[in-house]
Amino acid sequence: MLIATLIGAAIGTAIEVGKQIYDGGNWNWDPSTWNYWEIGKGALIGAASGLAYGLGGIAGGIVRGSVKALTIAGKALTVSQSVGVLLGVAASTSFIAGFGGYALHTAGTPEDDFNFFKGISEGLGQSVKGLLSFGTGGMFGGAGVWKFGQKIPVGKQIVNAMYRGAARFAANYIPNYVIDGIF
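Computed from a predicted structure; not experimentally measured.

**Quick look at the overall build of the chain**
Okay, step 1: Each helix and strand in the chain was counted, giving five helices and two strands.
Okay, step 2: Walking the chain from its N terminus toward its C terminus, one meets helices and strands in the order α-α-β-β-α-α-α.
Okay, step 3: In the chain, which comprises 183 residues, the proportion classed as buried is 36%.
Okay, step 4: A separation of at least 24 residues holds for 72% of the contacts in the chain among residues at least 6 apart in sequence.
Okay, step 5: In the form shown here, the chain has an accessible surface area of approximately 10,200 Å², with 69% of it arising from carbon and sulfur atoms.

In structure tokens form, the structure reads like this:
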């Protein structure tokens, strides 16, 4: 989970830094002029998307049978209960990231005042994106693309992580780009 979250944060940060460097074609290479609140927002949203993606992968593995169902407080959950818990965690952390990302945006944009209801709207929009990430990760986990619990040589793990990162970027960026226009 930590690796998926960190990869998501790195991708979110890189996208935001890239947007600020490009600056509508004006190419701004001066880091002192960048809005670090927006970069923090990108990292937060990316981390939440990565977490949702990883949780979805675990859920897919549980459904497939390659990962054991969750145990909470000594009680073994069923497959559907385990998936429900993971889905709830993905949706709620995505909501919190959307709300927090909006708060970071308003902190770094003096002309925007914080509006609680706009924060709720941003959180709900990010929850939908988190559910897309969860579903995509679930497809990868359920299809056996991720080899949970198997020992794989380190070099192959790094190459596989790069492929997964690229696939995750494509699978998340495209729907997020489309959904951004809706919310």
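**Things to note about helix α4 (residues 116-142)**
Okay, step 1: Taking 1.5 Å of rise per residue, 27 residues should cover 39 Å, and α4 covers 38 Å from first to last C-alpha, within 8% of that figure.
Okay, step 2: With a side-chain oxygen lying 2.8 Å from the backbone nitrogen of F117, the N-terminal cap of α4 falls on N115.
Okay, step 3: Backbone geometry just downstream of α4 places G144 in the positive-phi region, at approximately 85°.

**Focus on the side chain of S82**
Okay, step 1: Among the structural elements, S82 can be located in helix α3 (residues 79-108).
Okay, step 2: Note on S82: relative accessible area 0%, which makes it buried.
Okay, step 3: Non-local contacts of S82, meaning those with residues more than four positions away in its chain, are made with I62, A69, L70 and L77.

**A word on the packing of helix α2 (residues 36-64) against α4**
Okay, step 1: The contact between α2 and α4 brings their axes to 6 Å, and the two run at 40°. Classified by the interaxial angle, the pair formed by α2 and α4 is oblique. When you trace α2 past α4, the crossing you get is right-handed. In contact with I45, S49, A52, Y53, L55, G56, G57, A59, G60, G61 and R64 of α2, α4 contributes Q126, G130, S133, F134, T136, G137, G138, F140, G141 and G142.
Okay, step 2: When its residues are assigned to classes, the contact of α2 with α4 shows seven nonpolar, 13 polar and one charged.

**Some details on the environment of G50**
Okay, step 1: Locating G50 in the fold gives a position in helix α2.
Okay, step 2: We classify G50 as buried; its relative accessible area is 0%.

**As for the packing of α3 against α4**
Okay, step 1: Interaxial distance between α3 and α4 falls to 7 Å at its minimum, and their mutual angle equals 140°. In terms of their interaxial angle, α3 and α4 are classed as oblique. Crossing handedness for the pair α3 and α4: right-handed. Contacts between α3 and α4 involve V83, L86, L87, A90, A91, S94, F95, G98, F99 and Y102 on the former and, on the latter, F116, K118, G119, I120, E122, G123, L124, Q126, S127, G130, L131 and F134.
Okay, step 2: When grouped by side-chain class, the residues that make up the contact of α3 with α4 number 13 nonpolar, seven polar and two charged.

**Things to note about unusual backbone geometry**
Okay, step 1: Phi is positive for D23, close to 45°, though the residue is something other than glycine.
Okay, step 2: With respect to the helices, strands and loops of the structure, D23 is situated in the loop between α1 (2-22) and α2.
Okay, step 3: Within the chain, W27 stands out as a residue other than glycine whose phi angle is a positive 45°.
Okay, step 4: Structurally, W27 is set in the loop between α1 and α2.

Definitions and limits used
- Residues numbered from 1 in each chain as written.
- Predicted model: local features only at pLDDT ≥ 70, side-chain atom pairs only at ≥ 80, totals over all residues.
- Heavy atoms only, no water.
- Helix = DSSP H or I, 4+ residues; strand = E, 2+ residues; numbered from the N terminus.
- Buried < 20%, exposed > 50% of the residue type's maximum accessible area, 1.4 Å probe, protein only.
- Contact = heavy atoms within 4.5 Å.
- Areas by Shrake-Rupley, 256 points an atom, 1.4 Å probe, with all protein chains shown as cover.
- Expected span 1.5 Å × (residues − 1).
- Polar contact = N/O pair within 3.5 Å; in protein donor to acceptor, adjacent residues only side chain to side chain.
- Axes fitted to C-alpha atoms, helices over the stretch in contact; angles between N-to-C directions.
- Parallel < 35°, antiparallel > 145°, perpendicular 65-115°, else oblique.
- Left-handed = near helix turned anticlockwise from the far one by under 90°.
- Nonpolar A, V, L, I, M, F, W, Y, C, P; charged D, E, K, R; others polar.

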